[in-house]
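# What the coordinates show
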Amino acid sequence: MRVLGIETSCDETGVAVYDTQKQGADGLLAHAVYSQIALHAEYGGVVPELASRDHVRKLLPLVRQTLDEAGLKIDELDGVAYTSGPGLVGALLVGAGVARSLAWALDLPAVGVHHMEGHLLAPLIEHDPPQPPFVALLVSGGHTQLVHVARIGEYELLGETLDDAAGEAFDKTAKLMGLPYPGGPQLARLAELGTPGKYKFSRPMTDRPGLDFSFSGLKTQVLLAWRDSDQSDHTRADIARGFEDAVVDTLAIKCARALDAADCDTLIVAGGVGANKRLREKLDAMAKKRGGRVCFPRPELCTDNGAMIAFAGALRLEAGQRVDAQVKVVPRWDMATLPAV
Ligand code: KG4
Ligand code: ZN
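Given the structure is predicted, the values throughout are model-derived calculations rather than measurements. (Residues numbered from 1 in each chain as written. Chains lettered and ligands numbered in written order. Predicted model: local features only at pLDDT ≥ 70, side-chain atom pairs only at ≥ 80, totals over all residues. Heavy atoms only, no water.)

### A few points about helix 9 (residues 277-289)
To keep things clear, this is the line we draw: Starting at the N terminus, helices and strands are each numbered in turn, a helix being any DSSP run of H or I of at least four residues and a strand any DSSP run of E of at least two. Multiplying 1.5 Å by the residue count of a helix minus one yields the expected span of that helix. For every residue, the accessible area obtained with a 1.4 Å probe (protein chains only) is divided by the maximum for its type, and the residue is called buried under 20%, exposed over 50%, and partly exposed between those limits. Contacts are assigned to residue pairs that have any heavy atoms within 4.5 Å of one another. Polar contact is defined as a pair of N or O atoms within 3.5 Å, subject to the rule that within protein one atom must be able to donate a hydrogen and the other to accept it, and that residues adjacent in sequence are counted only when both atoms are side-chain atoms.
Between the first and last C-alpha of helix 9 there are 19 Å, a value that for 13 residues agrees with the 18 Å anticipated at 1.5 Å per step. Here helix 9 has its buried residues at R278, L279, R280, L283, M286 and A287. Buried-residue contacts for helix 9 involve strand 6 (134-139), helix 8 (233-262), strand 9 (266-270) and strand 10 (293-295). The opening residue of helix 9, the one whose side-chain oxygen lies 3.1 Å from the backbone nitrogen of R278, is N276. With its phi angle positive at about 80°, G291 sits one or two positions after the end of helix 9.

Right, dumping it as structure tokens:
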């Protein structure tokens with residue numbers, strides 16, 4: 001089954017085609033992402049109305065480009081999948097409207113995909129994909145969750161952030177030290193230049209049992225350190241390194257705990273922060289030490305993309321799941337309420 005995937009939940013327009021006749025990475029026939037970063041940069045964050053309008057401009061040309069790259073004509077598709085939530089309502093409606101209309105015109109089945117399920121399944125679009133059961137660490141701009149996956153579609157929340165998401169903490173911390181939007185990847189790049197240990201921040205909520213996170217206090221610690229410093233480029237890099245190490249250590253400690261709690265040896269990691277190099281190294285070392293395995297998508301499939309939506313949608317379409325012919329989105333949506341595949 002060849003499925004067109006469309007992602008428009010926030011500030012990236014993503015389109016892909018996944019072919020379920022093939023396995024893992026081979027099934028991804030083509031994928032393209034158009035990022036709106038430049039559009040939102042001058043406002044220091046995503047402006048929802050501008051995001052929706054840009055999706056309107058970019059989505060259909062990107063569908064054509066992706067089909068060309070896949071070497072497919074539009075009537076060679078077997079299904080359409082789109083992100084139906086969670087996300088910005090206007091942005092979601094653009095993807096849902098286009099996807100639903102294409103499916104109607106081509107007489108194809110369509111399915112709405114949960115954005116975080118898309119992220120969660122992205123490590124399966126690689127070679128030698130892991131099979132459930134596993135524990136998933138979802139670390140994006142809006143979510144930080146540990147999820148036990150007994151089977152695809154069966155998601156049990158083990159822990160989550162009580163305040164800021166890990167990506168949000170990266171973004172806010174970058175902003176308060178004067179880095180341009182989007183701060184997360186910029187802060188990570190700067191941290192490479194910093195000296196480890198110069199600034200030591202706490203590893204929040206690791207001194208007590210449990211699998212929840214809290215990152216907002218860390219941001220305040222950075223604010224105080226930055227305000228009391230000489231605010232030189234050197235210091236900014238040292239603080240960035242201290243912050244990154246604190247987030248990465250905290251995530252690694254909780255992942256090890258979650259694997260113990262779930263009696264599992266496979267960890268999968270997804271979402272934008274999963275692109276962080278130091279996090280990838282740290283979790284890799286942790287998993288190896290335990291005799292287990294950690295699986296990441298390639299960095300470009302950690303951040304928002306259409307491939308994960310095509311893949312997750314294809315699994316659900318193959319299982320016979322469909323949505324009827326109405327343009328419906330779910331801006332707030334609990335992944336635990338999803339039907340099993
Ligand atoms: O999954 P994603 O693309 O969008 C959401 O669904 O939120 O995640 C975006 C988040 C942003 O907060 C961004 O700063 C963060 O992921 N991010 C990173 C890195 N790349 C993206 N954070 C740390 N290090 C990175 N290399
Ligand atoms: Zn995302």
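On we go.
### Let's talk about the coordination of the zinc ion (ligand 2)
This is how it is decided: Keep in mind that water is not among the atoms, so a site may look incomplete; donors are the N, O and S atoms within 2.8 Å of the metal, or 3.2 Å for Na, K and Ca. The rule is simple: four donors are tetrahedral if all their angles sit between 85 and 135 degrees, four are square planar and six octahedral if opposite donors span more than 155 degrees and the others lie between 65 and 115, and anything that fits none of that is irregular.
Coordination of the zinc ion (ligand 2) by the protein comes from H115 (NE2), H119 (NE2) and D304 (OD), over a distance range of 2.0 to 2.1 Å. What the four donor atoms of the zinc ion (ligand 2) show is an angle range of 93 to 138° at the metal, which sorts the shape as irregular. The exposure class assigned to H115 is buried, which follows from its relative accessible area of 7%. When its relative accessible area of 13% is taken as the criterion, D304 is described as buried.

### As for the site of ligand 1
Under the convention used in this document: Residues are counted as near a molecule or strand when any one of their heavy atoms sits within 4 Å of it. Under the convention used here, a 1.4 Å probe and the Shrake-Rupley method define accessible areas, while residue burial counts only the protein chains that appear. Side-chain classes are defined by residue name, with Ala, Val, Leu, Ile, Met, Phe, Trp, Tyr, Cys and Pro counting as nonpolar, Asp, Glu, Lys and Arg as charged, and the others, Gly among them, as polar. All domain edges in this entry derive from an automatic or database-based domain assignment.
By nearness alone, 20 residues border ligand 1, and H119, G141, D171, G272 and D304 come closest of all. The contact in question runs from an oxygen atom of ligand 1 to an N or O atom on the backbone of G167, over 3.1 Å. Residue D304 places a main-chain N or O atom 3.0 Å away from an oxygen atom belonging to ligand 1. Taking 550 Å² as the accessible area of ligand 1 by itself, protein coverage stands at 85%. Of all the secondary structure elements, the ones that give two or more residues to the shell around ligand 1 are helix 4 (115-121), helix 5 (166-176) and helix 6 (183-191). It is helix 5 that contributes the most residues to the shell around ligand 1, four residues altogether. Tallied by class, the residues present in the shell around ligand 1 amount to six nonpolar, 11 polar and three charged. In this structure, the shell around ligand 1 is formed jointly by two domains, domain 1 (2-122 + 301-337) and domain 2 (132-296), each of which donates at least three residues.

### What to know about the domain arrangement of the protein chain
The following threshold applies: We define buried area as the total accessible area lost by two parts upon association, computed with a 1.4 Å probe and summed across both. Here a salt bridge means any side-chain nitrogen of Lys or Arg lying within 4 Å of a carboxyl oxygen belonging to Asp or Glu.
What the domain assignment reports for the protein chain is domain 1 (2-122 + 301-337) and domain 2 (132-296). Computed from C-alpha atoms alone, the centre-to-centre distance between domain 1 and domain 2 is 27 Å. With 19 residues of domain 1 at the interface, the matching set in domain 2 holds 21 residues. When domain 1 packs against domain 2, the two sides together hide about 1500 Å² of surface, and 74% of this comes from carbon and sulfur. On the domain 1 side of the contact with domain 2, M116, L120 and C302 bury the most area, a combined 40% of that side's loss. Summed over the shared surface of domain 1 and domain 2, the result is zero salt bridges.

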